[in-house]
Amino acid sequence: QVRLVESGGALMQPGESLRLSCVQFGSNLGLNPMGWYREVPGKERELVAEISAGSGTTYGDAVKGRFSIWKDNGKKTLYLQMNSLKPDDTAVYYCRGQWSNHVWWGQGTQVTVSS
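So, here's what we can say about the structure. Per chain, the residues get numbers from 1 upward, laid out in the order the sequence is written. Side-chain atom pairs in this predicted model are given and counted only at pLDDT of 80 or more, local residue features only at pLDDT of at least 70, and totals for whole chains, interfaces and linings cover all residues. In computing side-chain values, all of the structure's heavy atoms are included and hydrogens and water are not.

1. So, the pairing of strand β7 (residues 67-72)
Right, on to step 1. Alternating residues of β7 divide into F67, I69 and K71, all buried, and S68, W70 and D72, none buried.
Right, on to step 2. For β7 and strand β8 (residues 77-82), the ladder comprises six bridges, and the chain directions are antiparallel. Of the residues in β8, the one forming a bridge with K71 is L78.
Right, on to step 3. Once β7 ends, the chain turns through four residues before running back antiparallel as β8, passing K76 with a positive phi of about 50 degrees. Relative accessible area decides the class of each residue, using a 1.4 Å probe on protein chains only: under 20% of the type maximum gives buried, over 50% gives exposed, and in between gives partly exposed. For the purposes of this entry, the term helix denotes a DSSP run of H or I that reaches at least four residues, the term strand denotes a run of E that reaches at least two, and both are numbered from the N terminus. Here, any two strands with at least 2 DSSP bridges between them count as paired.

Pasting the structure below:
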């Protein structure tokens, strides 16, 4: 019943900034926590950033100080601001939301950082 849709992925150059969005459709259940994960071929999907019901945040070591996560509950939208992009940030970025023991994933959006 819940559907998560990411947008904003693009081809970027090192040092540039990009903002991703994730919109929740269907049920208006409050999903907590919500987060962003990323995946590259041959590697396990890894945490980028997560935000709790109380707005506390957690960031992966690789993105600390460069990325920030926040949500607009009224718009049912989750955001990821990515600054100072590096080639190692290249990945498919997935939105994740949880309600009790139920987890929903978006289909992903491609971010490529290359000079």
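2. Side note on the side chain of T109
Right, on to step 1. Inspection of the secondary structure puts T109 in strand β11 (residues 109-113).
Right, on to step 2. Not counting the four nearest positions on each side in its chain, T109 is found in contact with E6, S7, G8, G9, L20, A91, V92 and Y93. Residues are treated as being in contact if the distance between any of their heavy atoms lies within 4.5 Å.

3. Remarks on the pattern of salt bridges
Right, on to step 1. Here, a salt bridge means any side-chain nitrogen of Lys or Arg that lies within 4 Å of a carboxyl oxygen of Asp or Glu. For the structure on display, the rule yields five salt bridges.
Right, on to step 2. The salt bridge involving D89 is made with R38; its shortest N-O contact spans 3.0 Å. Here R38 lies in strand β4 (residues 34-39) and D89 lies in the loop between β8 and β9 (91-99), a separation of 51 residues in the sequence.
Right, on to step 3. Take D89: its relative accessible area is 1%, and that puts it in the buried class.
Right, on to step 4. Classification of R38 by relative accessible area gives buried; the value is 7%.
Right, on to step 5. When the shortest N-O distance is used, the salt bridge between E39 and R45 registers 2.9 Å.
Right, on to step 6. Taking relative accessible area as the criterion, R45 reaches 30% and is therefore assigned partly exposed.
Right, on to step 7. By sharing partners, the salt bridges in this structure join R38, E46, R66 and D89 into a single network.

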